[in-house]
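Structural characterization, general
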Amino acid sequence: MMTQSHPFVIGQWVRGEKFFGRAALIDELLHGPREAVWIAGLRRMGKTSLLRELERRVLLSVDSVYLPLYWDLEGAVDDDTLRESLLAGLDEARDRFDYDRDWEKLSTPEILRRLQSTTRSHNKRLLLLCDEGEALLALAQNDVPLLARLRRVLQGSETVRCLLTATRRLARLETFEGAETSPFLHGFTPPLYLSPFSEEEARSLTAQADFDAAVQAQLFACTGGHPFLLQVLAKRTLELGEIDAALASMQHDETLRNFFQVDYQSLQPVEQALLQRCARQSLPAETLATTAVERIALQTLRALGLLAETGEMVQLRSPLFQNWLAALPSALVQVESATAAGTIAVTLPLQPGDRIGAYEILYEIGRGGMGVVYCAQDVHLQRRAAIKVLPPELGHEPAQRARLLAEARALSQLSHPNIAIIYAVEFIDGAPCLCMEYVEGLPLDEWASQPNNDFSQKLAVARQIASALAAAHAAGLIHRDLKPSNIIVNSQQVVKLLDFGIARREQAALRLTQAGQMLGTPAYMSPEQISNLEVDRRSDVFSLGVVLYELFTGRRPFQGENLYALAYAIVNENPAAPAASAPAISTELQQVLLQALQKQPAKRFADAGELLSRLLQI
């Protein structure tokens, strides 16, 4: 059947004519009595689209009292990265905000106070549209006083209205030690929930295609009005010609299973228990929730759009989610036993045309000691993906499988613009297989060799690498294989850090290496790693120092004709001053590189976040 073109936008934020519904919520956010609001919602519910549409409408209104600023907090772990994200938002909004480059030397709260003064001078109020608010969790871990200062700026002035989007993970702020974290969240609570579309809103969206009224009603009923699920089902209905076929394809879509699982795991245990009961049968509210805690949980699940009432009966809003939830116990058992039984009827090595879940193999990209990587096409979402599996000769080795699963777990816990995204985990003949973001571009060493890349561009790339590694360190992860081939720079000079295949948690109880086995690439190893000793974040700092030294000078800091000579140099010899090879390197940058390459871990930066802070000062 020929695929029809479709008007639906899936996986990207929208505004203007592609934005539907939310009229009452927008009115509340712009004109309601609260000046600080947390907008809570599940994933893919349209939080970014809401903020972008608010920005658009305020800019179009000649009578608006606001100057809007969209601020993406994702990846912020300290004041330096938070300031960088705020300045990026100001760069995008230069048509309405004039700021001095000297602001780059200020702290984030100081910049916000300057913005308040600027908007006051225009007889306006600052409308801060803060996205990805979960970043505040990292700030609470790293800098409690900074969070307190932010609270005073964002909630203590009549010149600011602050709208903050985040999933309910943000509630974990109250679990951090320190009296300064809890008041911040209290200023934004109770949250306003971003619920699924009403049936009328869903009809306005699906009316973009030539569906009759019956199909539109079925699209809403099957998805419960969830914007993402609604558009995926509508798109597939157009492609497959009938809604039943589209539903069947979604029932077996591993990407959607993972989507449901992440949302489910974000809930409290009492909320999960209520959903499990509703998955088995519809129940009256008074039967379903008999305690005060359960009644609060029931109210939250309604607000999130997971439960709905039909008459006196409470039921799951989305049949798609209900089907996933009903199969959850057996699905979990299947995942646990998949390494022994296998779940996909294809054999290794993979061939073009083979299917792994929703992914069709196109060709092999390359192979190495930790796996084989293929380029694939997601046949449902029509996007490229990278599929990484173990080499056929190692496909049944438990230690190798454990490392690849460790990569999956590591990546799934990180959300950062400079870290490749993991989409799903599959199993082939008992071997785990990672389905992840396909990254186009050049490895760092090839990119650095291009003659048109000057010092400022290299510095910008270095900061992105450090920011990605800082996010990993903030999550308690060590990369352990940082090298140029694991760092891709695309045509827009955006960095992606790849291959967490030997990453591990700092406090992991399970040692995945056998005695005497080194994991990593020798030329970029720290002295402790190449000596096969225990490593921590500071080992990554050393490897980052080697990578950056090579980026700026064109040569590695340590040389050796063989592994033993190289190991001796790393452990015993000091690198030449970087400026000797590249006179353009400033004294400040040289100090950063040499401190990262100190032999003793205690003399290096404590983690990549500390190194990033120094890079941002250059």
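Anyway, here's the lowdown on the structure attached to this text.

Reading guide: rules and limits
- Residues numbered from 1 in each chain as written.
- Predicted model: local features only at pLDDT ≥ 70, side-chain atom pairs only at ≥ 80, totals over all residues.
- Heavy atoms only, no water.
- Helix = DSSP H or I, 4+ residues; strand = E, 2+ residues; numbered from the N terminus.
- Buried < 20%, exposed > 50% of the residue type's maximum accessible area, 1.4 Å probe, protein only.
- Contact = heavy atoms within 4.5 Å.
- Areas by Shrake-Rupley, 256 points an atom, 1.4 Å probe, with all protein chains shown as cover.
- Pairing = 2+ DSSP bridges.
- Axes fitted to C-alpha atoms, helices over the stretch in contact; angles between N-to-C directions.
- 1 Å grid on protein atoms, 1.4 Å probe; cavity = no way out; pocket = protein on both sides within 12 Å on 5 of 7 lines; lining within 4 Å.
- Points joined across faces, edges and corners; volume = space filled by probe spheres on them.
- Nonpolar A, V, L, I, M, F, W, Y, C, P; charged D, E, K, R; others polar.
- Parallel < 35°, antiparallel > 145°, perpendicular 65-115°, else oblique.
- Left-handed = near helix turned anticlockwise from the far one by under 90°.

**Focus on the overall build of the protein**
- Summing up its helical and strand segments, the protein has 26 helices and 19 strands in all.
- The buried share among the 618 residues of the protein stands at 53%.
- Long-range contacts, defined as pairs at least 24 residues apart, comprise 68% of the intrachain contacts of the protein with a sequence gap of at least 6.
- Approximately 27100 Å² of the protein is accessible, and the part contributed by carbon and sulfur atoms is 50%.

**Side note on the sheet that holds strand β3 (residues 125-131)**
- One open sheet accounts for five strands, arranged β2-β3-β4-β1-β5; its pairing is parallel. At either end of the open sheet lies a strand with only one pairing partner, and these are β2 (66-72) and β5 (192-193).
- Here helix α2 (residues 47-60) sits on the sheet in contact with β1 (36-40), β2, β3 and β4 (160-166), set at roughly 155° to β2.

**Quick notes on empty space enclosed by the protein**
- Tallied over the entire structure, the rule returns four cavities of 30 Å³ or more.
- Taken as a whole, the largest cavity holds about 130 Å³ of empty space.
- Looking at the largest cavity, it is lined by 16 residues, and the ones nearest its centre are H226, G305, L306, S318 and F321.
- Here the lining of the largest cavity takes three residues from helix α12 (residues 254-265), the largest share from any one element.
- Its residues assigned to classes, the lining of the largest cavity shows nine nonpolar, five polar and two charged.
- Approximately 80 Å³ is the volume found for the second largest cavity.
- In this structure, the second largest cavity is lined by W71, L73, L82, C130, L136, L150, L154, C162, L164, F184 and F188.
- For the lining of the second largest cavity, the per-class residue count stands at 11 nonpolar, no polar and no charged.

**What to know about unusual backbone geometry**
- The backbone phi angle of R22 is positive, close to 70°, even though this residue is not glycine.
- Locating R22 in the fold gives a position in the segment before α1 (23-31).
- The phi torsion at Q493 lies on the positive side, around 60°, for a residue other than glycine.
- The residue Q493 is located in the loop between β17 (487-489) and β18 (495-497) in this model.

**Considering the packing of helix α25 (residues 587-596) against helix α26 (residues 608-616)**
- The contact between α25 and α26 brings their axes to 10 Å, and the two run at 165°. Put simply, α25 runs roughly antiparallel to α26. In the packing of α25 onto α26, the handedness of the crossing is left-handed. In contact with E588, L589, Q591, V592, Q595 and A596 of α25, α26 contributes L611, R614 and L615.
- Along the lines of polarity and charge, the residues of the contact of α25 with α26 split into five nonpolar, two polar and two charged.

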